[in-house]
Amino acid sequence: MTGVKAERSKVRKIAGTAYKAEEIKEIFRRFSVQRPNPRSDLVYESPFTLLVAVVLSAQATDASVNKATKPLFAVADTPEKMAALGEDGIARYIRTIGLWRAKAKNVYALSKILNEKYAGKVPDTREALMALPGVGRKTANVVLNVAFNQPTMAVDTHIFRFCNRTELAPGKTPEEVEKKLVKIIPEKYMAHAHHWLILHGRYICKARKPDCVHCIIADICKAAIKTNSIPAPLVEVKGNGAPVPV
């Protein structure tokens, strides 16, 4: 391949996205500088408590889940202890969370299964996780990524909106977006990509009105509604909060 052809191949767009390979690499490089070590906003201490927290977080805020799980995990941080509480016992701790009755039933049932089938351990495959009560594909992907460092992509509302709005990985369903993201994101960035996209969607590329002035990828972004093309200063953000304007 000649030098000219090689250069053209480097900048060629990737199927399924409006971006070139080098643009995608630069997007995630900037995310990695802004948030070198992002963490889930959910408070957990083990794969099991993470699994329970994610199950409880469906249609609920992370803050409300953390408030409920703090006393819950103080008395039941293993499948054995959780199952011993019983469905009604679990329900008493999570009444402030939406859909608490169904969630209490699922947490009790999945705890029993983990005890009986997996010796109290959380399985590390998507198939096994999705067979547990209350665990869908998104929940399974979160657990695999956060607890077991697997290169999975859990697509929530923030990521789904961001990927369609910017045409990074447009799709009609979360699973369609997920498959495209896993394909296009450079391997070296996959471990934290899930958190970067969620946080960017939550604090910058917001649902009602994106905060383009404070966007570190404003110059690369191809969203039709963007209002600014000058990237915000690339500085490290401490914790998972919103970037502080410079």
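Look up: the structure comes first, before these words.
This write-up is about the structure you can find in this document. Predicted, not measured: the structure shown is a model, and the values here were computed from it.

Rules and cut-offs
- Residues numbered from 1 in each chain as written.
- Predicted model: local features only at pLDDT ≥ 70, side-chain atom pairs only at ≥ 80, totals over all residues.
- Heavy atoms only, no water.
- Helix = DSSP H or I, 4+ residues; strand = E, 2+ residues; numbered from the N terminus.
- Rg over C-alpha atoms; globule rule 2.2 N^0.38 Å.
- Contact = heavy atoms within 4.5 Å.
- Areas by Shrake-Rupley, 256 points an atom, 1.4 Å probe, with all protein chains shown as cover.
- Lys, Arg positive; Asp, Glu negative; His and termini not counted.
- Charge placed at Lys NZ, Arg CZ, Asp CG, Glu CD.
- 1 Å grid on protein atoms, 1.4 Å probe; cavity = no way out; pocket = protein on both sides within 12 Å on 5 of 7 lines; lining within 4 Å.
- Points joined across faces, edges and corners; volume = space filled by probe spheres on them.
- Nonpolar A, V, L, I, M, F, W, Y, C, P; charged D, E, K, R; others polar.
- Phe/Tyr/Trp six-rings, centres within 6.5 Å; stacked < 30°, edge-to-face > 60°.
- Buried < 20%, exposed > 50% of the residue type's maximum accessible area, 1.4 Å probe, protein only.
- Core = buried A, V, L, I, M, F, W, Y, C linked by side-chain atoms within 4.5 Å.
- Domains from an automatic or database assignment.
- Expected span 1.5 Å × (residues − 1).
- Arc of directions from axis to C-beta.

Scanning the protein chain for helices and strands turns up 11 helices and 0 strands. Seen in sequence order, the protein chain has helices and strands lined up from the N terminus as α-α-α-α-α-α-α-α-α-α-α. For 246 residues, the compact-globule formula gives about 18 Å, and the C-alpha radius of gyration of the protein chain, at 20 Å, lands near that figure. Put simply, of all contacts in the protein chain between residues at least 6 apart along the chain, 58% involve residues at least 24 apart. Carbon and sulfur atoms make up 55% of the accessible area of the protein chain, which amounts to about 12,800 Å² in all. Charged side chains in the protein chain number 39 positive and 23 negative. The centres of these two groups are separated by 5 Å.

Turning next to empty space enclosed by the protein. Under the defined criterion, the tally for this structure stands at 2 cavities of 30 Å³ or more. Reported here for the largest cavity is a volume of approximately 120 Å³. Every residue lining the largest cavity is counted, 17 residues in all, and those nearest its centre are C205, P210, C212, C215 and C221. Across the lining of the largest cavity, the residue classes break down as 11 nonpolar, 3 polar and 3 charged. In this model, the second largest cavity occupies a volume close to 40 Å³. In terms of lining, the second largest cavity is formed by F31, Q34, R35, W196, L199, H200, I204 and P243. If you list the elements that add at least two residues to the lining of the second largest cavity, you get α2 (21-34) and α11 (190-203).

Tallied over the entire structure, the rule returns 2 aromatic pairs. For the ring pair F28 and F31, a centre distance of 5.7 Å and an interplane angle of 85° mean the geometry is edge-to-face. Residue F28 and its partner F31 are both found in helix α2; the two are separated by 3 residues, about one turn of the helix. Judged by its relative accessible area of 1%, F31 is buried.

A separate point is the nonpolar core. Ranked by internal contacts, the top residues of the largest apolar core, which has 35 residues, are L51, M82, I94 and L129. Every element with two or more residues in this core is listed here: α3 (47-56), α4 (62-75), α5 (79-93), α6 (100-118) and α8 (137-148). Broken down by element, the residue count for this core peaks at 8 residues, all from α3. Those residues in contact with M82 that lie beyond four places of it in its chain are F48, V52, L72, F73, A76, I90, V107 and S111. Within the second largest apolar cluster, 33 residues are counted, among which are L181, M190, W196 and I217.

Volume-wise, the largest pocket comes out at about 470 Å³. Looking at the largest pocket, it is lined by 24 residues, and the ones nearest its centre are S57, D62, K138, D156 and I198. At 5 residues, α11 tops the list of elements feeding residues into the lining of the largest pocket. For the lining of the largest pocket, a count of residues per class yields 8 nonpolar, 10 polar and 6 charged. When we break the lining of the largest pocket down by domain, the ones giving at least three residues each are domain 1 (21-39 + 151-214) and domain 2 (47-148).

What follows covers α2. Under the 1.5 Å per step criterion, the end-to-end length of α2 is 20 Å for 14 residues, consistent within 8% with the ideal 20 Å. Among the residues of α2, those classed as buried are E23, I24, I27, F28, R30, F31 and Q34. Down the axis of α2, the buried set is contained in an arc of 150°. They therefore lie on one face. Check the buried side of α2 and you find it contacts α10 (174-184) and α11.

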